[in-house]
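# Architecture and fold: a report
What follows is each chain in one-letter form.
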Amino acid sequence: MIVSVAPPPELAQARAALGRRLAEARKSAGYTQETLAPLTHYVRSTIANVERGRQSIGRDFWVRCDEILDTGGVLAAEYDRLRVLVTRNTAGHFDGGRARGAAFATRAETHGPTALSLLAPHAADGDFAPQTYVVDLWAPDGRFFPGLAIPAYVHPAVAEDGRVLAAVPTGYCDDRLLRTPRRSLVVGRIETDQGAQLFGLDARHARQRLAQAAPDARLVIPQAYQLDELVLALLWAVANLDEALLADDARIEQAIAELASYEQMSRSAVSHDLAADLSDVGRMWLGSVFCAGHIHRHADALTSTPAYWTREQRGEEASTWLLFAHKQRYLDLTAARAGSHRIIRAFCIPRAAVDASPRGERILLLLAVALMESYGIEVVITDEPEYAGTPGFVTDSDRHAVLANWVGAQGIWHVDVTDDHRTVRQYGAAINHASGRSVIAAASPPARLRVLTEYLDLNWETLARRCRDLADQGCAAVVQPRSRHLSTAGIDRACRYLADAAASTD
């Protein structure tokens, strides 16, 4: 990744203009920063920083402000124009993802992790050396993700004995820049003949590493935390999920209580209107946790080893398997219930969905499949688009099926339990078709993962090596979630399994 130190002025100006527009609308509507903040699910300092153009924030925030301030969608429209500017400038900040793989492959899309693009560097308030600067890593929005900027404090660094040593200011662990509760990164930049290499630590972990060191100590960053395609993909997913779930936390608890009565029903479909003030991610989490519970509440209806159908086609949705904490419990229970019996989970991932996905999303999808295989779940994939609309279900292919759908559902979820013979046969036929014509058909999990890597146009050797690096270190120190609903355990497990799978085929 090559960082352009000269700030693109149109980005800084557009961001500042959007902030001024918010301040004007807020004052016209009679709100102070203190009274507006809780209505947007953010704190007053966030409102202040956004109005000054010092902090970027996702589209959900601007939509909510339009509603509160009755601005007729003007703020969200201005935000969309700003994102177009960011996309146009991305190519000027990244090297196009060549062999050292520090950025996602460049594309013309405005959504998804094409890259974590760097917004304009700005002056720091701390005691920074001239070679040190601050940038905003832009984690783009997606079909569900809100998008956000992650402050990154970049320092010169050198490589010694397999470590990256970043020259941070004296007494850096006490600097207020690192004590913000929101996500930020401390980055070491090494200059090489091929360009710059960047290595990152979550600011909280950077403070912990420096707390017991001498005041003038350098910051040690493991080389495993190079900001390449793999780490940036993980950071994109974690940051976007985290930002939305933190903003929705109190409302999620309220929605769980309000919707608890649905747990007693074998069939229900809940409209978005019942949680209209939640973000898309908040509704995703609510639907996912309810569907997982629904399957386990009705698992006894299945008379033989079940087979599963899942609707994720792209990495954005699949990242929930890696990061939603309840998904790990769900997989644990699924594996324990099956015992030594063969479990199948089928996906429909048409070629068009692969071609439309940036490399980062394809990496996330691969890791989600690796996670399932690590639990003894055999993944089969059909590429036939005719099956793309098949809902999520579990069936014993005999007498019963449990429908549990939240990905692509019309509402938050749609669940059912059925013994209708035609429906059960239809679901069983879909499983049999996907199993018999799987595009990743192979005799062993390592072989299936390798074939899937080829199908997703990814590099098996490079990903296996980087997964081993991350598995050895653990990924939390660079992508630590703040939300209690997220965990990096799934990422670590998937990385370890993929790395071990690659070693077994060498």
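Parameters at a glance
Residues numbered from 1 in each chain as written. Predicted model: local features only at pLDDT ≥ 70, side-chain atom pairs only at ≥ 80, totals over all residues. Heavy atoms only, no water. Helix = DSSP H or I, 4+ residues; strand = E, 2+ residues; numbered from the N terminus. Buried < 20%, exposed > 50% of the residue type's maximum accessible area, 1.4 Å probe, protein only. pLDDT = per-residue confidence, 0-100. Contact = heavy atoms within 4.5 Å. Pairing = 2+ DSSP bridges. Axes fitted to C-alpha atoms, helices over the stretch in contact; angles between N-to-C directions. Phe/Tyr/Trp six-rings, centres within 6.5 Å; stacked < 30°, edge-to-face > 60°. Parallel < 35°, antiparallel > 145°, perpendicular 65-115°, else oblique. Left-handed = near helix turned anticlockwise from the far one by under 90°. Nonpolar A, V, L, I, M, F, W, Y, C, P; charged D, E, K, R; others polar. Expected span 1.5 Å × (residues − 1). Salt bridge = Lys/Arg side-chain N within 4 Å of Asp/Glu carboxyl O.

### Some words on the environment of Leu11
Take Leu11: it is sitting in helix H1 (residues 9-28). For Leu11, a relative accessible area of 5% translates into the label buried.

### Remarks on the confidence of the model for the protein chain
Taken residue by residue, the protein chain gives an average pLDDT of 85. The fraction at 70 or more is 88%. Counting interchain partners and residues more than four positions distant, the pLDDT-below-50 stretch residues 1-7 has 27 contacts. This model gives residues 90-130 a pLDDT under 50, and the stretch forms 127 contacts once residues within four places in sequence are excluded.

### Things to note about the sheet that holds strand S11 (residues 377-382)
Strand order across the open sheet formed by 7 strands is S8-S14-S13-S12-S9-S10-S11, with mixed pairing between neighbours. What marks the edges here is a single partner per strand, and that holds for strand S8 (268-270) and S11. Averaged over all adjacent pairs, the angle separating strand axes in this sheet is 15 degrees, with direction ignored. Taken together, the 3 bridges between strand S9 (residues 307-309) and strand S12 (residues 393-395) define a ladder with antiparallel strand orientation. Considered in S12, the bridge of Tyr308 is made with Val394. With respect to the sheet, helix H13 (residues 421-436) is in contact with S9, strand S10 (343-348), S11, S12, strand S13 (401-405) and strand S14 (413-418), its orientation differing from that of S12 by roughly 95 degrees.

### Things to note about the side chain of Gln328
Tracing the backbone shows Gln328 in helix H10 (residues 325-338). Judged by relative accessible area, Gln328 falls into the buried class, the value being 10%. What Gln328 contacts, discounting residues up to four positions off in sequence, is Trp321, Leu322, Leu371, Tyr375 and Gly490.

### With respect to unusual backbone geometry
Of note in this structure, Asp161 is not a glycine but carries a positive phi near 50 degrees. Following the sequence through the fold, Asp161 ends up in the loop between strand S3 (148-160) and strand S4 (163-166). A relative accessible area of 74% means that Asp161 is categorised as exposed. The backbone phi angle of Asp457 is positive, close to 60 degrees, even though this residue is not glycine. Note on Asp457: relative accessible area 44%, which makes it partly exposed.

### Description of the packing of aromatic side chains
Evaluated as defined, the whole model comprises 8 aromatic pairs. On the numbers, 5.0 Å between centres and 85 degrees between planes, the contact of Phe61 with Trp62 is edge-to-face. Residue Phe61 is classed as buried on the basis of its relative accessible area of 1%. Judged by its relative accessible area of 3%, Trp62 falls in the buried class.

### A closer look at the packing of helix H7 (residues 229-258) against helix H8 (residues 280-297)
At a minimum axis distance of 8 Å, the contact between H7 and H8 shows a crossing angle of 55 degrees. Overall, the two elements H7 and H8 adopt an arrangement that is oblique. When you trace H7 past H8, the crossing you get is right-handed. Note on element contacts: H8 touches H7 through Val281, Gly282, Trp285 and Leu286, opposite Leu241, Ala244, Leu245, Asp248, Ile252, Ala255 and Ile256. For the contact of H7 with H8, the class distribution of residues is 9 nonpolar, 1 polar and 1 charged.

### What to know about H7
For H7, with 30 residues, the first-to-last C-alpha span of 41 Å sits near the 44 Å given by 1.5 Å per residue. Within H7, 22 of the 30 residues are buried, leaving the element largely enclosed by the surrounding structure.

### What about the pattern of salt bridges?
Tallying each qualifying case throughout the model produces 33 salt bridges. When the shortest N-O distance is used, the salt bridge between Arg484 and Glu253 registers 3.1 Å. Of the two residues, Arg484 sits in the loop between helix H16 (476-479) and helix H17 (489-505) while Glu253 sits in helix H7, which places them 231 residues apart along the sequence. On the basis of relative accessible area, Glu253 is assigned to the partly exposed category, the value being 35%. One network of salt bridges, with partners in common, ties together Arg143, Arg314, Glu316, Glu317 and Glu361.

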